[in-house]
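Report on the structure
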Amino acid sequence: MKVKISSFAGTDTGEVELNDEVFGLEPRADILHRVVTWQLEKRRGTARGTRERADVARSGKKLGRQKGGGVARHGDRRAPVFIGGGKAHGARVRDFNPGLNKKIRALGLKMALSSHAKAGSLVVLDGLTVENGKTQVLLGNLAKLGFGKKSLVIDGDAVENSFALAARNLQQ
């Protein structure tokens, strides 16, 4: 699959051949669904666990006699009705981070990239250098290219410093 290489000025500077092993796959809904639900569940936070009656370090001795004391019947000081007792129905720590095989994750990413490449929404730039590292200049360049409100930028091992300075002030 061939994709045009563009510059920030909006001019075409050539073409590049994309690898069909990555950008030529047919997307499968089941794989994409598994990857997206894995990402969403991984993002979820859990409640901090509270100490319940069995978790509180207090005496298990009965407070007083069952009958004849003139007060309510109580078993021990761990009961939720007492100060320092355990919570009656407290929050429990739950695990929202299910595992997903690395090969399935990689396959989902390849399928997502393939679908974007087939839809024509994949743009390859020849460089990410922004003049003076200014955010306004970057916004103008992105508007020339016709990007919408959201875009994903993938760079090599090290991100261009001027691009990083200009992009760090954009809303995420």
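Check the entry above for the structure.
Here we summarise the structure given alongside this text. (Residues numbered from 1 in each chain as written. Predicted model: local features only at pLDDT ≥ 70, side-chain atom pairs only at ≥ 80, totals over all residues. Heavy atoms only, no water.)

Time to look at the nonpolar core. Core analysis: the largest hydrophobic core is formed by eight residues, namely Phe-8, Leu-128, Val-130, Leu-138, Leu-142, Leu-145, Phe-163 and Ala-166. Looking at this core, the elements that each hand over two or more residues are helix 4 (135-145) and helix 5 (161-167). If you tally residues by element for this core, the top one is helix 4, at three residues. Other than its neighbours up to four places away in sequence, Phe-163 contacts Phe-8, Leu-128, Val-130, Leu-138 and Val-153. (Core = buried A, V, L, I, M, F, W, Y, C linked by side-chain atoms within 4.5 Å. Buried < 20%, exposed > 50% of the residue type's maximum accessible area, 1.4 Å probe, protein only. Helix = DSSP H or I, 4+ residues; strand = E, 2+ residues; numbered from the N terminus. Contact = heavy atoms within 4.5 Å.)

Judged from the five bridges that link them, strand 1 (residues 2-6) and strand 2 (residues 12-17) form a sheet pairing that is antiparallel. Bridge pairing links Val-3 to Val-16 in strand 2. Hairpin remark: strand 1 followed by strand 2, antiparallel, with five residues in the connecting loop; positive phi at Gly-10, about 95 degrees. (Pairing = 2+ DSSP bridges.)

Looking now at the sheet that holds strand 2. The strand order 2-1-3 describes an open sheet built from three strands, whose pairing is mixed. Both outer strands of the open sheet, strand 2 and strand 3 (124-125), are each paired with one neighbouring strand and no more.

Taken together, the side chains of Glu-15, Glu-17, Asp-20 and Glu-21 present a region of like negative charge at the surface. When contributions to the negative patch are tallied by element, the ones reaching two or more residues are strand 2 and helix 1 (20-23). Relative to the helices and strands, Asp-20 resides in helix 1. (Patch = residues over 30% accessible without salt bridge, like charges linked within 9 Å, V, L, I, M, F, W, Y side chains within 5 Å. Areas by Shrake-Rupley, 256 points an atom, 1.4 Å probe, with all protein chains shown as cover. Salt bridge = Lys/Arg side-chain N within 4 Å of Asp/Glu carboxyl O. Lys, Arg positive; Asp, Glu negative; His and termini not counted. Charge placed at Lys NZ, Arg CZ, Asp CG, Glu CD.)

The periodicity of an α-helix, 3.6 residues per turn, causes residues three or four places apart in sequence to face the same way. When we look at burial in helix 4, the residues that qualify are Thr-135, Leu-138, Asn-141, Leu-142 and Leu-145. Relative to the axis of helix 4, the buried residues are bounded by an arc of 120 degrees and lie together on one face. What points out from helix 4, more than 90 degrees from its buried face, is the exposed set Gln-136, Ala-143 and Lys-144. Its buried side turned inward, helix 4 meets strand 1, strand 3 and helix 5. Among the residues trailing helix 4, Gly-146 stands out with phi positive, at a value near 80 degrees. (Arc of directions from axis to C-beta.)

Direction vectors running N to C along helix 2 (residues 29-43) and helix 3 (residues 102-119) enclose 110 degrees, while the axes themselves pass 9 Å from each other. On the basis of the axis angle, helix 2 is roughly perpendicular to helix 3. When the axes of helix 2 and helix 3 are compared, the crossing they make is left-handed. Counted together, Ile-31, Leu-32, Arg-34, Val-35 and Trp-38 of helix 2 and Ile-104, Arg-105, Leu-107, Gly-108, Met-111 and Ala-112 of helix 3 form the full contact between these two elements. (Axes fitted to C-alpha atoms, helices over the stretch in contact; angles between N-to-C directions. Parallel < 35°, antiparallel > 145°, perpendicular 65-115°, else oblique. Left-handed = near helix turned anticlockwise from the far one by under 90°.)

Take it as geometry only, folks, not as evidence of what the structure does.
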